[in-house]
2 protein chains.
Amino acid sequence: MEIKTIKEINNLVREYEKNNASPEFDINAPVNLIGWVRSNRCSGKILFISFSDGSRLNSIQLVLKSDELEGSFEEIKNARTGAAIIVSGNIVINKNDDEGQRFEILVKKAKLLKQSSEDYPIQKKEHSMEFLREVAHVRPRTNKFYSIMNVRSELAFAIHNFFHLNGFKWVSSPIITANDAEGAGEAFNVTTNEGENAFFNRKASLTVSGQLHAEAYAQAFKRVYTFGPTFRAEKSHTNKHLAEFWMVEPELAFCDLEKLMILIESFVKFTIKTILKRCSEEIAFFKKLEGNENIDEKLNLVVESNFQKLTYSQAISILKEAIGNGKANFEDNNIFFGMDLKTEHERYICEKYVNGPVFIYNYPKQIKSFYMKLNDDGTTVAACDLLVPGIGELVGGSERENDYYKIENRAKELNIPLDDIQWYLDLRKYGYNKSAGFGLGFERLVMYICGVENIRDTIPFPRFNGNLKF
Amino acid sequence: MEIKTIKEINNLVREYEKNNASPEFDINAPVNLIGWVRSNRCSGKILFISFSDGSRLNSIQLVLKSDELEGSFEEIKNARTGAAIIVSGNIVINKNDDEGQRFEILVKKAKLLKQSSEDYPIQKKEHSMEFLREVAHVRPRTNKFYSIMNVRSELAFAIHNFFHLNGFKWVSSPIITANDAEGAGEAFNVTTNEGENAFFNRKASLTVSGQLHAEAYAQAFKRVYTFGPTFRAEKSHTNKHLAEFWMVEPELAFCDLEKLMILIESFVKFTIKTILKRCSEEIAFFKKLEGNENIDEKLNLVVESNFQKLTYSQAISILKEAIGNGKANFEDNNIFFGMDLKTEHERYICEKYVNGPVFIYNYPKQIKSFYMKLNDDGTTVAACDLLVPGIGELVGGSERENDYYKIENRAKELNIPLDDIQWYLDLRKYGYNKSAGFGLGFERLVMYICGVENIRDTIPFPRFNGNLKF
């Protein structure tokens, strides 16, 4: 067997150690590696190269001895950080190693494939996140961004896998749309050089949500989900907003709010569990960063807890009481039924009162979207938000209004142009019994799992107001 | 065990039949179904309802007898096509059935959940594809679109699965970009109500390809892929073009054209094999449609053949010879080195000369993109197209130019603004040994697998010149 990646070496060494250095593991198998120099140090006639090949987070150490090497020692000695090299050799187990470098590669043969220039932006020192955003084309070569982007990739697969296992069909909702699902009015326009409406003969925008289109497909397949990019032209400069982000939006026909909350809970647990299992190296890396010491406990708490449920009314009472008895003091202490809960309120309920994930449901209709099902009380809608410790709102969902006249009235009240959504309202005429679904901002989940502070660091090439580099 | 979907019933009946009606399969298990009426026929005191619940393509027959039914027979009798109903009952095996209806459900209890209005667009008759495009919000409720969109969903998962199994990381390339990878100049602009460049402080476009950004990530992870929407503002009204479509673009560091062709072959085979296995009911449905009688043979040919390889020069010779000896007569018989092969030429080579999938490679540089690697001959580039019988070009790929000065010169020759792609060119300075990748138009693969003639019928809500309904 020829070993070709660091990942394979790592698996082999682990098996070898687990089996107490059993001879059945041929630890002397030839190793052929191709990848990049992370750092290169010369000590007399020996080179120590920290080497990475993209197959896993942690780099490994290559040892090259000038008098035993086939190939030019001088050439490799000059390989700078970022240079591409190819090496072959053998694994050497470090039995008495303190620093956790359980093995290294004794290189027999080496070749420099492509040098890296002296101005290579990633050097062996701490770079600020701001600096790294300016070099987004090379930042995945740092441990931090390798980790975040690997979690991102594994998380995306876990999401597809969860839905596929549970009989959901993937639906690609359109990116260019003629309507604005949330009525928020902060959509980007899509034009051509020939004029504003020249291509489609009408005004075109970038989608803010795939939900309306997903509802149409849920009426055929029962269970569907979208997973695609969505857009907001918000001039926000907080660390929570992007102009371009990915959304996951499942939609289920014949589903009510109660069943939806069960789905959300199993979805969140499944995806986090998958990352804990598949990205243990990355989680261990995040744990070493300042402020992230409890990241594994935080994630395990979510996986192991039973998500609690509180109505919006209960949440309001809890907040009032907390202020009244001095347990809490918010920047905004003006708590009343009908208010939009702020992050400080959500975090109090989630982190202090519940100390775990909690659903708030049955929100006042005036703070929620037109398509949400009006409850029998006439004042609240069958909507829920999932709050999690450390970040606040992670998921928002609702049962949809299934009555044609009620939803039409609500749209009129909110001055939503009916022409644009007539097809959507019409769904209610054709056997639309129930439908419910949720929306998850994919980057928010990446932020949460990785303990990243700025959402701009959770997507390869972030788009935000004033910034369109790359 | 309570049975809740048509899919479960189908699996149970199949097991039951396979085991020769073994009593260990409790075929009398109670069945509870929720879904929609496809058609409803009353024969005296018996209703026959064709019923669908989205869990699989084929609907099943419900039998309701007026004197044995719990619930209102009259109510169910009036349930129109499209209405939502809930029923419970038992499976009845039709031992001597000619028409392939191997079982039906004898309904004990039924309830109309939501009526469908009389103007429901999908009735029990043949609808034209043009008409169905006008009602794209309900067309997935037809067998044809259920089949296409189910293949689409399974194909997307097969693609993610293929790359995940092979160690590729998913990278979301940005949708809003400042550059135009192909230099084709047919990009949509992204603006806000505040002005053309107000949001990003520069001109913004919708991406035409994720490749440039994927290359940056391949230099960190070695193997990456994008799978996301791409856009062309082409005013084309052919059956092959959309303004919005999904692209799959893997990119591999340290990969040359030869290895790339091996990857393309295994990718195409894996995805088609998965569909043949997981969507056998849909393939059987397509086979019954006019012009699609050989669809399974066509797909099996691809899976079982060894993809052939011809250089572009060889292809030119073959075409010249075919015209010379009267074997072929094209609309365009002017064959010369440097021409862009037309579909008729590609199909001749693929269908008549090779009779199977074939790669054409080493194209003249003037008909290919600036980023492709110049071969040593100085006139051709290391690019390949995969041609398949029945459709022509399915995949295009190339090894990328790894020399900073060569690629910079080529970009200059083609008047590509260097400022926009400086970061991309710079990758060549930092250990960029080799890189290669391919692009697959996802909808073209759906077209090919389903035998669909118009690409507008392969995506839920198609976008094209003059059309932005929904």
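Residues numbered from 1 in each chain as written. Chains lettered and ligands numbered in written order. Predicted model: local features only at pLDDT ≥ 70, side-chain atom pairs only at ≥ 80, totals over all residues. Heavy atoms only, no water.

On to the relation of the copies chain B and chain A. Once turned by 180 degrees and shifted 0.0 Å along the axis, chain B lies on chain A with an RMSD of 0.0 Å. What we have between these two chains is a two-fold relation. Scanning chain B for the C-alpha nearest the rotation axis identifies B:Val190, at a separation of 2.5 Å. Of all interface residues in chain B, 100% are interface residues in chain A too; the two copies therefore contact each other through one and the same surface. (Least-squares fit on C-alpha atoms with pLDDT ≥ 70 in both. Contact = heavy atoms within 4.5 Å.)

Further remarks concern the sheet that holds strand S15 (residues 392-399) of chain B. Residues and elements named next belong to chain B. Strand order in the open sheet formed by 8 strands is S6-S10-S11-S16-S15-S14-S13-S12, with mixed pairing between adjacent strands. Each end of this open sheet is capped by a strand with a single partner; those strands are strand S6 (169-170) and strand S12 (308-311). Bridge count for S6 against strand S10 (residues 223-231) is 2 bridges, and the pairing is parallel. Note that in S10 the partner of Trp-170 across the bridge is Tyr-225. This element, helix H13 (residues 442-450), spans S10, strand S11 (244-253), strand S14 (380-388), S15 and strand S16 (435-441) of the sheet and lies at about 55 degrees to S16. (Pairing = 2+ DSSP bridges. Helix = DSSP H or I, 4+ residues; strand = E, 2+ residues; numbered from the N terminus. Axes fitted to C-alpha atoms, helices over the stretch in contact; angles between N-to-C directions.)

Across a regular strand the side chains alternate sides, sitting on one face of the sheet and then on the other. Residue and element names in this part refer to chain A. Pairing of strand S3 (residues 60-65) with strand S5 (residues 103-114) involves 3 bridges; the strand directions are parallel. Bridge pairing in S5 places Leu-64 opposite Val-107. Examined bridge by bridge, strand S4 (residues 84-93) and S5 share 10 bridges and lie antiparallel to one another. Pairing of Ile-91 across the sheet is with Ile-105, part of S5.

At the junction of the two partners, chain B supplies 102 residues and chain A supplies 102 residues. When the two sides are added together, the surface that chain B and chain A hide from each other amounts to roughly 8800 Å², 61% of it contributed by carbon and sulfur. Together, B:Phe199, B:Tyr430 and B:Leu468 form the three largest contributors to the area buried by chain B at its contact with chain A, with a combined 9%. Applying the counting rule to chain B against chain A returns 4 salt bridges. In this structure, the salt-bridge partner of B:Lys235 is A:Glu194, at a minimum N-O distance of 2.9 Å. Examining the composition of the side of chain B that touches chain A, we find that 11 residues originate from one element, helix H4 (residues 143-165) of chain B, more than from any other. The residue inventory of the side of chain B that touches chain A, partitioned by class, reads 52 nonpolar, 30 polar and 20 charged. As paired elements, strand S8 (residues 189-191) of chain A and strand S8 (residues 189-191) of chain B share 3 bridges and run antiparallel to each other. Of the residues in S8(B), the one forming a bridge with A:Val190 is B:Val190. (Buried area = accessible area lost by both parts, 1.4 Å probe. Salt bridge = Lys/Arg side-chain N within 4 Å of Asp/Glu carboxyl O. Nonpolar A, V, L, I, M, F, W, Y, C, P; charged D, E, K, R; others polar.)

It is worth spelling out helix H8 (residues 295-304) of chain B at this point. Residues and elements named next belong to chain B. Every buried residue of H8 is accounted for by Ile-295, Leu-299, Val-302 and Val-303. Buried residues of H8, viewed axially, fall in a sector of 100 degrees; they line one side. Among the structural elements, helix H6 (257-278), helix H7 (280-287) and H13 are those in contact with the buried residues of H8. (Buried < 20%, exposed > 50% of the residue type's maximum accessible area, 1.4 Å probe, protein only. Arc of directions from axis to C-beta.)

This part is about the environment of A:Asn454. Residues and elements named next belong to chain A. You can see Asn-454 is positioned in the segment after helix H13 (442-450). It is 4.6 Å that separates the C-alpha atoms of Asn-454 and Asn-239, two residues lying 215 residues apart in sequence. The contacts of Asn-454, once residues within four sequence positions are left out, are Arg-133, Asn-239 and Met-447. One polar contact links the side chain of Asn-454 to the main-chain amide nitrogen of Arg-456, over a distance of 2.9 Å. (Polar contact = N/O pair within 3.5 Å; in protein donor to acceptor, adjacent residues only side chain to side chain.)

Before going further, it helps to examine unusual backbone geometry. All names here are of chain B. Despite not being glycine, Asn-201 has its phi angle at roughly 65 degrees, a positive value. For Asn-201, the position within the fold is in the loop between S8 and strand S9 (205-206). For Asn-201, a relative accessible area of 60% puts it in the exposed group. Despite not being glycine, Phe-470 shows a phi value in the positive range, around 70 degrees. Note that Phe-470 resides in the segment after H13.

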